[in-house]
Amino acid sequence: MSKYSKEFKEEAICLSDEIGNKKAAAQLGIPYYTLADWRNNSKHKPKVIETLSEEELRIKNRELERENAELREANNILKDALGFFAKDRRK
């Protein structure tokens, strides 16, 4: 019987949320029913709600705004590149 770390189990559950139990179990090389048991056990545990102070929220907000600006800039660069290559292709 294999022993899996708590972190591995949590990541496996997150992956199964994204792609489904069967695909996640196959991708991770674990039995489907093992992953299903982990999911069922995690649903019965009380959720811990993380509360952040106002200062932590401000810091997090600044980080997200900075990331958003970087992503907008990258998106604009990609749009320009797409236009450039589209013009080149039409010639």
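Everything in this summary refers to the structure shown in the same document. (Residues numbered from 1 in each chain as written. Predicted model: local features only at pLDDT ≥ 70, side-chain atom pairs only at ≥ 80, totals over all residues. Heavy atoms only, no water.)

1. Brief notes about the nonpolar core
No. 1: Counting eight residues, the largest nonpolar core consists of Ala12, Ile13, Leu15, Ala24, Ala25, Ile30, Leu35 and Trp38.
No. 2: Among the secondary structure elements, those contributing two or more residues to this core are α1 (6-19), α2 (21-28) and α3 (32-44).
No. 3: Broken down by element, the residue count for this core peaks at three residues, all from α1.
No. 4: When neighbours within four sequence positions are excluded, Ile30 is seen to be in contact with Tyr4, Phe8, Ala25, Leu35 and Trp38. (Core = buried A, V, L, I, M, F, W, Y, C linked by side-chain atoms within 4.5 Å. Buried < 20%, exposed > 50% of the residue type's maximum accessible area, 1.4 Å probe, protein only. Helix = DSSP H or I, 4+ residues; strand = E, 2+ residues; numbered from the N terminus. Contact = heavy atoms within 4.5 Å.)

2. Here we look at α1
No. 1: For α1, spanning 14 residues, the distance from its first C-alpha to its last is 20 Å, which sits close to the expected 20 Å at 1.5 Å a residue.
No. 2: Along α1, the residues that are buried comprise Ala12, Ile13, Leu15 and Ser16. Down the axis, α1 shows its buried residues gathered within 165° of arc, on one side only. Facing away from the buried side of α1 by more than 90 degrees, the exposed set consists of Lys6, Glu7, Glu11, Asp17 and Glu18.
No. 3: One or two positions beyond α1, positive phi appears at Gly20, with a value near 100°. (Expected span 1.5 Å × (residues − 1). Arc of directions from axis to C-beta.)

3. Some remarks on the packing of aromatic side chains
Each aromatic ring pair is characterised by the separation of its centres together with the angle its planes make.
No. 1: Counting across every chain of the model gives five aromatic pairs.
No. 2: Measuring from centroid to centroid gives 5.2 Å for Tyr4 and Trp38, while their planes differ by 75°, and the two rings are edge-to-face. You can see Tyr4 sitting in the segment before α1 and its partner Trp38 sitting in helix α3, a full 34 residues away along the chain.
No. 3: Measuring from ring centre to ring centre gives 6.1 Å for Phe8 and Trp38, while their planes differ by 90°; the resulting arrangement is edge-to-face. Of this pair, Phe8 sits in helix α1 while Trp38 sits in helix α3, and the two are 30 residues apart along the sequence.
No. 4: For Phe8, a relative accessible area of 27% corresponds to the partly exposed category.
No. 5: A residue is classified by how much of its surface remains accessible, and Trp38, at 11% relative accessible area, is buried.
No. 6: Members of the aromatic cluster, joined through ring pairs, are Tyr4, Phe8 and Trp38. (Phe/Tyr/Trp six-rings, centres within 6.5 Å; stacked < 30°, edge-to-face > 60°.)

4. A few points about the side chain of Asn21
No. 1: Assignment of secondary structure puts Asn21 in helix α2.
No. 2: Residues in contact with Asn21, not counting those within four places in the same chain, are Ser16, Tyr32, Leu35, Ala36 and Arg39.

5. Some words on the environment of Thr34
No. 1: Relative to the assigned elements, Thr34 resides in helix α3.
No. 2: A relative accessible area of 23% places Thr34 in the partly exposed class.
No. 3: Along the primary structure Thr34 and Lys9 are separated by 25 residues, whereas in three dimensions their C-alpha atoms are 9.8 Å apart.

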